[in-house]
Amino acid sequence: MTARLDLPSLLELTLRSAVEIVRGQVGLIVLRGRDGVMRVQASYGLPERLVRFFQPLWADLPGVGSDELEGIVSRWHIPDLQMRLGMVAAAAGLALSQVVALPLVIEGELIGVVYVFRTRGSAFSAGDRALLAAFADQAAIAVRNAELYQRVIEEQQALSAMIENSAEGVMILDASGRIEVFNRALSRITGWEATEAIGRHATEVLVLRDRQGQPMSLPEPPRQRTSAAESRAYVEGDVERRVGPPLTVGVTATPLYGEQGDLVREIYNVVDITRFRQAEELKSTFVSVVSHELKTPVALIKGYAETLRREDADWDRHTIRESLDVIAEEADHLTHLIDSLLEASRIQAGGLKLQPTDVHLPRLAAKVVDAFRTQTGIHTFDLDFPEDFPPVWGDPERLQEVLSNLVSNAVKYSPKGGMVWVGGRVDQGGVTVYVADQGIGIPPEEQGRIFDRFHRIETGLHRGTEGTGLGLYLVKAIVEAHGGRVWVESAPDRGSIFMFNLPVR
Ligand code: ADP
């Protein structure tokens, strides 16, 4: 009996043995559940439907620590047992004449009761009781063991489910570094199925590289327990995946030590930190771009102001006028920069609000082009919109910003001058507007990224131009807020065409 760990079959065996030992005909086992309530767990010689009538036998068994429990445990005395049997027998319609109750006690705690009934014959004797008493201790131990075992299994199942469903990648290694457990999230991260990964060496499955693409080793906790408080190890790297681009992950290794203090298992948690890394990079780009772009106008403003302020000089009206012009221009430049930054952060927070009305794009384009004509002597502008170009439903200020950014880029990125074309055509369901130049062009691999926040091309002829990388980001956000799309066609050294379409109401 004590070797059995499966609770239902153990209870059945216990009950049958108890009934046979004292030559009864019917038996029941009730056990106290984790909630403290006694419930029937096994019956013998009794149809299932009659079991509920026996409830009064244990309905008010005393709880832990009461004097009454003392009596039950030490003297086997359950008050009014024989009288209660009379009630039960009558209610169930059974001819039960005798009952003996066998308390199952572990360390002074009543964990259950075994009842044996006789339908005929004499009352249970003192000898019967003594026989059962010897049996009871063994039975109680066996039941407790089986209960504990069952609890361990349940906890293990809960733990497995937790690991399996964790949003973090988790794997558990044995002392030799082979994988024992490999959860679903880690399958997603690495592309390895658990069935393939288990049994392999961890270094085969989780392959990390640093930012330069050099292989990195996995974090390794100490092989022996140390007195140091922190035995976990952590690294960050790019994980190789079977399909798809690498992900940036943070890997924590936590050791489990045995009684001798030696490593028996390692638990690895793998978290996808790609987005954190990107956000971090963006933040540092932001700081360097902004400080660089702010410095130039501020330096100019300060330089001119200091010159004008000199006590020992007597400036003529013309010089004063020119200096003040530069100061005003640079202040405008700063205002524009700050506006773009605010706008970008507003878009980032999802708050781009349009104030739409009917907008006549050809007129808007003419206004923008006129402003740029006065600023450059080496570019020639061409405007080409059809007569019947329909008005679009949009925010005129924002759309002017779109055109202005595109024309500004066309000028800025054709340093040798040339034509700048601005025009539009009517399509099905909308209009398409283009801004084309004969400038330095954009390499194909960059064309997908130039609309990203702060993205600037840092190679070839693009190097050395001033800018924040916010212009096209704003263009894209504004066009998309209008329900349109923006794209580019370009070849290095040949020029670029930026196009966007907008729906017509
Ligand atoms: P910025 O001009 O401030 O750098 P943008 O977001 O306006 O930022 O443009 C992003 C990048 O795209 C620029 O750095 C530039 O390299 C490239 N680019 C934009 N417009 C053009 C163009 N018309 N011709 C060539 N390159 C361009």
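Residues numbered from 1 in each chain as written. Predicted model: local features only at pLDDT ≥ 70, side-chain atom pairs only at ≥ 80, totals over all residues. Heavy atoms only, no water.

## Description of the overall build of the chain
So, step 1. For the chain, the count of helices and strands is twelve helices and 18 strands.
So, step 2. Expected size for 505 residues packed as a compact globule is a radius of gyration near 23 Å; at 42 Å, the chain overshoots this value by more than 25%.
So, step 3. For the chain, buried positions account for 41% of its 505 residues.
So, step 4. Here the analysis covers contacts within the chain between residues at least 6 apart in sequence; of these, 59% occur between residues at least 24 apart.
So, step 5. Of the roughly 28,100 Å² of accessible surface on the chain, a fraction of 52% belongs to carbon and sulfur atoms.
So, step 6. Considering the chain, the positive charge centre built from 53 side chains and the negative charge centre built from 68 side chains are found 6 Å apart. (Helix = DSSP H or I, 4+ residues; strand = E, 2+ residues; numbered from the N terminus. Rg over C-alpha atoms; globule rule 2.2 N^0.38 Å. Buried < 20%, exposed > 50% of the residue type's maximum accessible area, 1.4 Å probe, protein only. Contact = heavy atoms within 4.5 Å. Areas by Shrake-Rupley, 256 points an atom, 1.4 Å probe, with all protein chains shown as cover. Lys, Arg positive; Asp, Glu negative; His and termini not counted. Charge placed at Lys NZ, Arg CZ, Asp CG, Glu CD.)

## Describing the pairing of strand β18 (residues 495–503)
So, step 1. As paired elements, strand β16 (residues 430–437) and β18 share seven bridges and run antiparallel to each other. Each residue of the ladder has a partner; that of Val431, found in β18, is Leu502.
So, step 2. Bridge analysis of strand β17 (residues 485–491) against β18 gives seven bridges, and the strand direction is antiparallel. Note on β18: the bridge partner recorded for Arg485 is Asn501. (Pairing = 2+ DSSP bridges.)

## A short note on the site of the ligand
So, step 1. For the ligand, the set of nearby residues contains 19 residues, the closest of which are Asn409, Tyr413, Arg456, His462 and Leu472.
So, step 2. With respect to the ligand, the side chain of Asn409 contributes an N or O atom lying 2.8 Å from an oxygen atom.
So, step 3. With respect to the ligand, the side chain of Tyr413 contributes an N or O atom lying 2.8 Å from an oxygen atom.
So, step 4. When the ligand is considered free in solution it has 530 Å² of accessible area, and contact with the protein chains removes 98% of it.
So, step 5. When contributions to the shell around the ligand are tallied by element, the ones reaching two or more residues are α11 (396–412), α12 (471–481) and β18.
So, step 6. By residue class, the composition of the shell around the ligand is seven nonpolar, nine polar and three charged. (Near = heavy atom within 4 Å. Polar contact = N/O pair within 3.5 Å; in protein donor to acceptor, adjacent residues only side chain to side chain. Nonpolar A, V, L, I, M, F, W, Y, C, P; charged D, E, K, R; others polar.)

## Looking at the sheet that holds strand β5 (residues 169–174)
So, step 1. Reading across the sheet, the seven strands line up as β6-β5-β11-β10-β9-β7-β8 and stay open at both edges, with antiparallel pairing between neighbours. What marks the edges here is a single partner per strand, and that holds for β6 (179–182) and β8 (215–216).
So, step 2. Here β5 pairs with β6 via three bridges, running antiparallel. Of the residues in β6, the one forming a bridge with Leu173 is Ile179.

## Considerations on the pattern of salt bridges
So, step 1. In this structure the tally under the stated criterion is 23 salt bridges.
So, step 2. The shortest N-O distance in the salt bridge between Glu306 and Lys302 comes to 3.7 Å. Of this pair, Glu306 and Lys302 are both found in helix α8 (residues 274–309), four residues apart, which corresponds to roughly one turn of the helix.
So, step 3. By relative accessible area, Glu306 is classed as partly exposed at 35%.
So, step 4. Between Arg398 and Glu343 there is a salt bridge, with the nearest N and O atoms lying 2.9 Å from each other. Separated by 55 residues along the polypeptide, Arg398 in helix α11 and Glu343 in helix α9 (residues 317–348) bring together distant segments of the chain.
So, step 5. On the accessibility criterion, Glu343 (8% relative accessible area) is buried. (Salt bridge = Lys/Arg side-chain N within 4 Å of Asp/Glu carboxyl O.)

## A look at unusual backbone geometry
So, step 1. Look at Arg23: it is not a glycine, yet its phi comes out positive at around 50 degrees.
So, step 2. When you line up the elements, Arg23 lands in the loop between α1 (7–21) and β1 (26–32).
So, step 3. For Asp493, which is not a glycine, the phi torsion comes out positive at approximately 75 degrees.
So, step 4. Looking at the element boundaries, Asp493 is found in the loop between β17 and β18.

## Some words on the packing of α8 against α9
So, step 1. Remark: α8 packs on α9, axes separated minimally by 9 Å, with the N-to-C direction vectors making an angle of 160 degrees. Our classification of the angle between α8 and α9 gives roughly antiparallel. Our pair here, α8 against α9, has a crossing hand that is left-handed. Seen from α8, the contacting residues are Phe286, Val290, Glu293, Leu294, Pro297, Val298, Leu300, Ile301, Tyr304, Ala305 and Leu308; seen from α9, they are Ile320, Ser323, Leu324, Val326, Ile327, Glu330, Ala331, His333, Leu334, Leu337 and Leu341. (Axes fitted to C-alpha atoms, helices over the stretch in contact; angles between N-to-C directions. Parallel < 35°, antiparallel > 145°, perpendicular 65-115°, else oblique. Left-handed = near helix turned anticlockwise from the far one by under 90°.)

## Considering α8
So, step 1. Compared with an ideal rise of 1.5 Å per residue, which puts 36 residues at 52 Å, α8 spans 52 Å between its outermost C-alpha atoms and is within 8% of the ideal.
So, step 2. Turning to α8, its buried residues number three or more, namely Thr274, Arg277, Val289, Val290, Glu293 and Pro297.
So, step 3. Buried residues along α8 sit in contact with β9 (233–239), β10 (247–257), β11 (263–272) and α9. (Expected span 1.5 Å × (residues − 1).)

## Thoughts on the nonpolar core
So, step 1. Residues Leu361 and Phe500 are the most contacted members of the largest nonpolar core, which totals 36 residues.
So, step 2. For this core, the secondary-structure elements that each account for two or more residues are α10 (361–373), α11, β15 (418–427), β16, α12, β17 and β18.
So, step 3. Examining the composition of this core, we find that seven residues originate from one element, α11, more than from any other.
So, step 4. Counting 26 residues, the second largest nonpolar core, distinct from the first, contains Leu7, Ile29, Ile111 and Phe124. (Core = buried A, V, L, I, M, F, W, Y, C linked by side-chain atoms within 4.5 Å.)

## Focus on the domain arrangement of the chain
So, step 1. Domain annotation of the chain identifies domain 1 (7–162), domain 2 (169–272), domain 3 (277–348) and domain 4 (357–503).
So, step 2. Taking only C-alpha atoms into account, the centre of domain 1 sits 89 Å from that of domain 3. (Domains from an automatic or database assignment.)

## Considerations on the packing of α1 against helix α4 (residues 126–165)
So, step 1. In the contact formed by α1 and α4, the axes pass within 10 Å of each other and the chain directions differ by 175 degrees. Considering the angle they form, α1 stands roughly antiparallel to α4. Here Leu7, Leu10, Leu11, Thr14, Ser17, Ala18 and Ile21 of α1 lie close against α4, whose contacting residues are Leu131, Leu132, Phe135, Ala139, Ala142, Val143, Ala146, Glu147 and Gln150.
So, step 2. Of the residues that constitute the contact of α1 with α4, the class distribution is twelve nonpolar, three polar and one charged.

## A short note on the side chain of Asp395
So, step 1. Tracing the backbone shows Asp395 in the loop between β14 (392–394) and α11.
So, step 2. Of the residues examined, Asp395 reaches a relative accessible area of 6% and is grouped as buried.
So, step 3. A distance of 3.2 Å separates a polar side-chain atom of Asp395 from the backbone nitrogen of Glu397.
So, step 4. The residues contacting Asp395, other than those within four sequence positions of it, are Lys353, Leu354, Gln355, Pro356, Val359 and His482.

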